[in-house]
Amino acid sequence: MVLKVFFPTCCTSAESGLLVGRWVPEQSSAVVLAVVHFPFIPIQVKELLARVQQAGRVGLAVLGTWCHCRLQEPEEGLGRFLEGLGAIFTHEPWLQLCRERGGSVWSCKALGWPMSPGAPSPAPVMLIFYDQRHVLLSQLHTPATLPDPQAGDAPPSVGGLAAVFDTVARSELLFRSDRFHEGPVQLSHWQSEGIEASILVELAKQASGPTCLMLSFLLSLLSAVGACRLFRLWPLPFICSKLSTCEQARHRLGHLTFLFSPRKAESPVQLMRKVNVFFSLLLDVALGLALLAWLRAENCIGQLADALVPVADCVAEELQHLLQWLMGAPAGLKMNRALDQVLGRFFLYHIHLWISYIHLMSPFVEGILWHVGLSACLGLTVALSLLSDIIALLTFHIYCFYVYGARLYCLKIHGLSSLWRLFRGKKWNVLRQRVDSCSYDLDQLFIGTLLFTILVFLLPTIALYYLVFTLLRLLVVAVQGSLHLLIDLINSLPLYSVGLRLCRPYRLAAGVKFRVLDHEAGKPLRLLMQINPLSYSRVVCTYRLPSCGCRPRLSWSALCRKLFFGELIYPWRQKAGKQD
Amino acid sequence: MEDERVFSDICGGRLALQRRHYSPSCREFCLSCPRLSLRSLTAVTCSVWLAAYALFTLFENSVILSAAIFITLLGLLGYLHFVKIDQETLLIIDSLGIQLTSSYASGKESTTFIEMGKVKDIIINEAIYMQKVIYYLCILLKDPLEPHGISQVVPVFQNAKPRLDCLIEVYRSCQEILAHRKATSTSP
């Protein structure tokens, strides 16, 4: 097997010394973590390694020697000295990595490799350069470990290149030591330049504990008020389950309690989720405040309130025109005149009721709208859900028409289907849930056929009313659905993860990619290992927040089937208990 | 060591196969498709603009013309960035893995790296594509739960679709490396 040496790019210009790292025997690869410079005392190097080993639970060792010759010819004495070091730090295999002639030529020898004596003598060596910073900070998203974020806890479970990532992450203590610190052991490795605005970060860390405690206390008070018995009386839970504002407020409350819970996030995935929730909340409130400022600056609320009643009147008038058109001969169709008149008058009476209701409401509209506008400071999503609820309330007459039409149509379709079975001498057996043949009497058949004929001739009239009102209803549902889509988008967008992917692509790693650096015959092959960032679609898939779920998950075919059979469609979620 | 040979894809188009042998344990195969030709680009642009101009004379609305320009520009950008693949590369490194890279015409590269521990074998497979039978190279991945099972089949050179003679060339080289791996992993 080829011996692989993972070498950090930041150590390529380091002075000669010892290679410190971990040997992974299953893959025959050596992960170099740092270079120890001359002069050093061997016992102190061993002590340092033992300390890091204890902290990170990773087996570190001195893997070999590193020789960097800046001069043209390598010194003879140094080479012999480096060979001699192998006697002090025993390791199998003992690596001798050398960079010569101004840094252009690399050579690597592995003494004591391959382990088995029978194998052909000089085994090929591969030098793989990696960026220590990227590998340390990145979070590997392999498809296998995605559903189980705790898989990284057990060291033997990681295999392949994940072992390299794991080794670098576990020996973080090694990277803490400062380059300029005059300690007993001088190391060369990647060094963090400190966090940007670290004073602010520290202050925020100090402040976050008490703030979280206080806010979580307030939130628990709020949820205790919400849970009191007054709100459990009959009509309130029913109304709350139908209003999307309540759903959205509950969703946001859950987010807040999750965010300010005093427990620490256990895994990086959960931490990422917390930050995502925080940024989603922040975006929501910022958009809401912007909306509020815009509404106030333009005095939109007054204009809206003034415009609302004329618009409602206009809609009602259009509906009246539509009904009168339907009561005549719509599109040249000849309808059943008596049924047509009855239905038309019934719906006209409804519109009359509706208009009087709107006029009764008109003095209070401006106040209501103003409070809706104020709710935008709770977040844009709350304001949007309120808007959706207001649309639902303002188009209540359309909903009523739709329900009447759908019920009539449903009745008619069911009657027709059962009479059609009678027509063929069959019937529906309830006990066996199937269609059985049945012999009817003559008068039964006569009455059934008569009813069937009547229903067939009345069907076009009712179907037309149903069609027109269903189209109106679908229009309203489409508007509400698009509002809910927007709300879901704001609710579930993982803003922080997407930003991280945009600005620091190496933080979210899907894997690695290799690039072949130049290769000369007789010298080890040199590869550059880079982080392969996660694609945007996978970032969104992995980190998207659970949405509120007030949308029905209806497929198109199911929707069409429901429409054809006259079953009611709702913009909100049906009770799940019905299916169970 | 590097050489280049010309093959043809399943439709008879020209494909250039570059082979680079970096070392006995590392080989790279690079299949380049022909670049976007000026003729087809001109034809598409002209047809879109002529259609827009016809609509403009019909409706006398200049929005149509600006919309046509935007559609052409965005379409071209999207085509170069997401659809048109110029080069597909297969890099096989002994005891490390197989890397598949496809570079788009805009310079975007999408890379997948498969670790050698997961690779079961590389084979040439037959498939029915439209009305003809084609051959394609694919990598079989091991099932982690079941040692003899196959969890996934990853097709290689999906965009270029080279003919069998080119595939055999690549296949032989890959098999040499895989055989070398098997020989060394079983001996100790």
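Keep in mind that what you see is a predicted model, and the values were worked out from it rather than measured.

So, about the overall build of chain B. A count of helices and strands for chain B gives three helices and nine strands. For chain B, the sequential pattern of α-helices and β-strands runs β-β-β-α-α-β-β-β-β-β-β-α. Each principal axis of the C-alpha distribution contributes one length, and for chain B these read about 80 × 40 × 35 Å. Taking the intrachain contacts of chain B between residues at least 6 apart in sequence as the baseline, contacts between residues at least 24 apart amount to 44%. Between the centroid of the 18 positive side chains of chain B and the centroid of its 18 negative side chains there is a distance of 2 Å.

This next bit is on the sheet that holds strand S5 (residues 97-104) of chain B. All names here are of chain B. Sheet architecture is open: six strands sit in the order S1-S2-S3-S4-S5-S6, paired in antiparallel fashion. Only two strands of the sheet have a single neighbouring strand rather than two, namely strand S1 (2-8) and strand S6 (109-115). Neighbour-to-neighbour, the strand axes of the sheet open up by a mean angle of 15°, direction not taken into account. Bridging between S1 and strand S2 (residues 14-23) involves seven bridges; their strand directions are antiparallel. When the bridges of S2 are listed, Glu4 appears paired with Gln18.

With that settled, the discussion passes to the state of the cysteines. In the structure shown here, the tally under the stated rule is zero disulfides over all chains. Considering cysteine sulfurs only, Cys560 of chain A is the nearest to Cys410 of chain A, which forms no disulfide, with 17 Å between them. Cys410 of chain A sits in the buried class, given a relative accessible area of 13%. No disulfide involves Cys30 of chain B; its nearest neighbouring cysteine sulfur is the one of Cys33 of chain B, lying 9.8 Å away.

Here we come to the UniProt feature "transmembrane region" (unreviewed entry) in chain B. Residue and element names in this part refer to chain B. Taking the UniProt record as the reference, the feature "transmembrane region" (unreviewed entry) is found at residues 36-56 and 62-82. Counted over residues 36-56, helix gives 90% and strand 0%. Its end C-alpha atoms are 30 Å apart. A helix fraction of 95% and a strand fraction of 0% characterise residues 62-82, whose end C-alpha atoms lie 30 Å from each other.

Between its first and last C-alpha atoms helix H14 (residues 396-423) of chain A spans 40 Å; for 28 residues at 1.5 Å apiece the expected length is 40 Å, and the two agree. Just beyond H14 of chain A, the residue with positive phi is Gly425 of chain A, at close to 75°.

All names here are of chain A. As a volume, the second largest pocket reaches approximately 1,200 Å³. Sorting the residues of the lining of the second largest pocket by element identifies helix H9 (268-298), helix H10 (300-327), helix H11 (337-361), helix H12 (365-374), helix H13 (380-394), H14 and helix H15 (442-492) as the ones contributing at least two each. Considering every element that reaches the lining of the second largest pocket, the biggest residue donor is H13, with ten residues. Grouping the constituent residues of the lining of the second largest pocket by class yields 35 nonpolar, four polar and one charged.

Counting residues in each nonpolar core, the largest one holds 52 residues, and the members touching the most others are Phe514, Leu527 and Met529 of chain A. Not counting residues up to four positions away in its chain, the partners in contact with Leu527 of chain A are Met126, Leu127, Ile128, Phe129, Phe514, Arg515, Val516 and Leu517 of chain A together with Ile93 and Leu96 of chain B. Of all hydrophobic cores here, the second largest spans 29 residues; its members include Ala316, Leu323, Leu326 and Val403 of chain A.

Residue and element names in this part refer to chain B. Here chain B is described as being made up of domain 1 (2-36 + 84-186) and domain 2 (38-82). Placing the centre of domain 1 and that of domain 2 at their C-alpha centroids yields a distance of 38 Å. Each partner contributes residues to the interface: domain 1 has six residues there, and domain 2 has seven residues. A combined buried area of about 680 Å² lies between domain 1 and domain 2, and 60% of that area is made up of carbon and sulfur atoms. Area buried by domain 1 at its contact with domain 2 is led by Leu36, Lys84 and Lys108, which between them contribute 70% of it. For the interface between domain 1 and domain 2, the tally reads zero salt bridges. Taken together, domain 1 and domain 2 are joined by three residue pairs in polar contact (both at pLDDT 80 or more). Class assignment of the residues belonging to the side of domain 1 that touches domain 2 gives a composition of three nonpolar, one polar and two charged.

Here the focus is the sheet that holds strand S7 (residues 119-129) of chain B. Residue and element names in this part refer to chain B. The sheet built from three strands is open, its strands ordered S7-S8-S9 with antiparallel pairing. Because the sheet does not close on itself, it has two edges, and the strands there are S7 and strand S9 (150-156). The average undirected angle you get between the axes of adjacent strands in this sheet is 35°. Pairing of S7 with strand S8 (residues 132-142) involves ten bridges; the strand directions are antiparallel. Looking across to S8, one finds that Glu126 is bridged to Tyr135.

The next thing to look at is the environment of Leu141 of chain B. Residue and element names in this part refer to chain B. Structurally, Leu141 can be placed in strand S8. Exposure remark for Leu141: the relative accessible area of 10% places this residue in the buried category. Sequence-wise, Leu141 and Thr101 are 40 residues apart; in three dimensions their C-alpha atoms are separated by 18 Å. In this structure, Leu141 is in contact with Ile114, Lys118, Val119, Lys120, Gly149, Ile150, Ser151, Gln152 and Val154, ignoring residues within four places of it in sequence.

On to the UniProt feature "transmembrane region" (unreviewed entry) in chain A, then. Residue and element names in this part refer to chain A. On the UniProt side, "transmembrane region" (unreviewed entry) is annotated at positions that read residues 275-295, 342-360, 372-395 and 444-468 here. End-to-end, the C-alpha atoms of residues 275-295 are 30 Å apart, and along that stretch the chain is 100% helix and 0% strand. Across residues 372-395 one finds 75% helix and 0% strand; the C-alpha atoms that close the span lie 18 Å apart.

Take the packing of aromatic side chains next. Here the structure, examined in full by the defined rule, presents 24 aromatic pairs over all chains. Put simply, the rings of Phe346, Phe347, Phe401, Tyr404, Tyr465 and Phe469 of chain A pair up and form one aromatic cluster. The residue whose ring lies beneath Arg273 of chain A is Phe258 of chain A, and the NZ or CZ to ring-centre distance is 4.7 Å. The residue whose ring lies beneath Lys108 of chain B is Tyr104 of chain B, and the NZ or CZ to ring-centre distance is 4.7 Å.

All names here are of chain B. Mapped onto the elements, Val154 comes out in strand S9. The exposure class of Val154 is buried, given its relative accessible area of 17%. A sequence separation of 16 residues divides Val154 from Cys138, and the C-alpha atoms of the two residues are 5.4 Å apart. Beyond its immediate sequence surroundings of up to four residues, Val154 is in contact with Leu100, Ile114, Leu137, Cys138, Ile139 and Leu141.

Residue and element names in this part refer to chain A. The predicted model of chain A averages 79 in pLDDT, with 88% of residues at 70 or higher. Within chain A, helix H16 (residues 495-503) carries the highest mean pLDDT (89), whereas helix H2 (residues 76-88) carries the lowest (71). When the criterion is pLDDT under 50, residues 144-157 qualifies, and its contacts beyond four places in sequence or with other chains add up to eleven contacts. Scored below 50 in pLDDT, residues 573-580 makes five contacts in the model with residues more than four places away or belonging to other chains.

Parameters at a glance
- Residues numbered from 1 in each chain as written.
- Chains lettered and ligands numbered in written order.
- Predicted model: local features only at pLDDT ≥ 70, side-chain atom pairs only at ≥ 80, totals over all residues.
- Heavy atoms only, no water.
- Helix = DSSP H or I, 4+ residues; strand = E, 2+ residues; numbered from the N terminus.
- Contact = heavy atoms within 4.5 Å.
- Lys, Arg positive; Asp, Glu negative; His and termini not counted.
- Charge placed at Lys NZ, Arg CZ, Asp CG, Glu CD.
- Pairing = 2+ DSSP bridges.
- Axes fitted to C-alpha atoms, helices over the stretch in contact; angles between N-to-C directions.
- Disulfide = S-S within 2.5 Å.
- Buried < 20%, exposed > 50% of the residue type's maximum accessible area, 1.4 Å probe, protein only.
- UniProt positions renumbered as here; feature names shortened; annotations may be inferred.
- Expected span 1.5 Å × (residues − 1).
- 1 Å grid on protein atoms, 1.4 Å probe; cavity = no way out; pocket = protein on both sides within 12 Å on 5 of 7 lines; lining within 4 Å.
- Points joined across faces, edges and corners; volume = space filled by probe spheres on them.
- Nonpolar A, V, L, I, M, F, W, Y, C, P; charged D, E, K, R; others polar.
- Core = buried A, V, L, I, M, F, W, Y, C linked by side-chain atoms within 4.5 Å.
- Domains from an automatic or database assignment.
- Buried area = accessible area lost by both parts, 1.4 Å probe.
- Salt bridge = Lys/Arg side-chain N within 4 Å of Asp/Glu carboxyl O.
- Polar contact = N/O pair within 3.5 Å; in protein donor to acceptor, adjacent residues only side chain to side chain.
- Phe/Tyr/Trp six-rings, centres within 6.5 Å; stacked < 30°, edge-to-face > 60°.
- Lys NZ or Arg CZ within 6 Å of the ring centre and 35° of its normal.
- pLDDT = per-residue confidence, 0-100.

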